[in-house]
Amino acid sequence: DVPRSAKIARCEVTPMESYQGVKFTSRRLADNFAGFDEPLALLHHWTLLLSQLGLAPLHQRGAYGNQSCRTAEGSFIITRSAMQPSAGVNRDEYCHVVGCDAATNSCDFQGSGLPSSETLLHGLIYSHHPWVGAILHGHSPLLLQHAPQLHIPTTDTAHPYGTRELAWEAVAMVEKARPFFNLRDHGFVALAHDLQTAGRLALATYRRLLDLLLEQR
């Protein structure tokens, strides 16, 4: 294998808030989960690609960003907390969340690691919008900076990562039929009925950003 630094672009990003781990309570129902081979492989494809493009940049304790796909009503596979993706699917890098409760800020899951710090954001979008089948959440200072020129909708208020307030802001954006939007001073969200569509939406928006930058003097 080549060094990790050669496989994934490292990007020094100053987040709105330094990473402090997950902010919800969780209950592990099993140390692993079975099945879902095809969606897991596709989810890993997009997780790795976004990291390689610098849209889910690495930090010392993991990566800024989290990706997921729905498995059934009320359940989804999501990247684990502190994941640093590399070539080849490793189930230990993912969790199968089988229940989220916004009222108690908690989730039930299967897997060896803890679910991503933004698990509640993913869970609330899935529960309130049944048409959503995949969610890609990444971070790009340039997409935040150039949102007005690219006509990217942005939430009104900035909130700390991993909070219910941030999650509800995202739910509200989806209710406005916004499949790609920015969370103010935080990152972007791309969602669709399937992973391929969500991934292509993220790449199409990134390409528009590159075109804009090429036009600037």
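Note: the structure precedes this text.
## Re the packing of helix H2 (residues 37-52) against helix H7 (residues 195-215)
Link 1 in the chain: Interaxial distance between H2 and H7 falls to 10 Å at its minimum, and their mutual angle equals 10°. Here H7 runs roughly parallel to H2, going by the angle between their axes. Across the interface between the two elements, Pro39, Leu42, Leu43, Trp46 and Leu49 of H2 pack against Leu195, Gln196, Gly199, Arg200 and Leu203 of H7.
Link 2 in the chain: Partitioned by chemical class, the residues of the contact of H2 with H7 number seven nonpolar, two polar and one charged.

## A word on H7
Link 1 in the chain: With 21 residues, H7 extends 30 Å from end C-alpha to end C-alpha; this agrees with the ideal 30 Å at 1.5 Å per step.
Link 2 in the chain: Three or more residues of H7 are buried, namely Leu195, Ala198, Gly199, Ala202, Thr205, Tyr206, Leu209 and Leu212. Buried residues along H7 cover an arc of 145° about the axis, so they all sit on one side. When the buried face of H7 is taken as reference, the exposed residues oriented beyond 90 degrees from it are Arg200, Arg207, Leu214 and Glu215.
Link 3 in the chain: Its side-chain oxygen 3.3 Å from the backbone nitrogen of Gln196, Asp194 forms the N-cap of H7.

## Comments concerning the pattern of salt bridges
Link 1 in the chain: Summed over the entire model, instances satisfying the criterion amount to two salt bridges.
Link 2 in the chain: The residue Arg27 makes a salt bridge to Asp108 at a minimum N-O spacing of 2.8 Å. Of the two residues, Arg27 is situated in strand E1 (residues 25-30) and Asp108 in strand E7 (residues 106-110); the sequence distance between them amounts to 81 residues.
Link 3 in the chain: Salt-bridge contacts for Arg91 lead to Asp37; the nearest nitrogen and oxygen are separated by 2.5 Å. Here the residue Arg91 occupies a position in the loop between strand E5 (75-79) and strand E6 (94-101), and Asp37 occupies one in helix H2, the gap between them amounting to 54 residues.
Link 4 in the chain: Here Arg91 falls in the partly exposed class, since its relative accessible area comes to 27%.

Reading guide: rules and limits
Residues numbered from 1 in each chain as written. Predicted model: local features only at pLDDT ≥ 70, side-chain atom pairs only at ≥ 80, totals over all residues. Heavy atoms only, no water. Axes fitted to C-alpha atoms, helices over the stretch in contact; angles between N-to-C directions. Helix = DSSP H or I, 4+ residues; strand = E, 2+ residues; numbered from the N terminus. Parallel < 35°, antiparallel > 145°, perpendicular 65-115°, else oblique. Contact = heavy atoms within 4.5 Å. Nonpolar A, V, L, I, M, F, W, Y, C, P; charged D, E, K, R; others polar. Expected span 1.5 Å × (residues − 1). Buried < 20%, exposed > 50% of the residue type's maximum accessible area, 1.4 Å probe, protein only. Arc of directions from axis to C-beta. Polar contact = N/O pair within 3.5 Å; in protein donor to acceptor, adjacent residues only side chain to side chain. Salt bridge = Lys/Arg side-chain N within 4 Å of Asp/Glu carboxyl O.

Function cannot be inferred from these measures alone, as they are strictly geometric.
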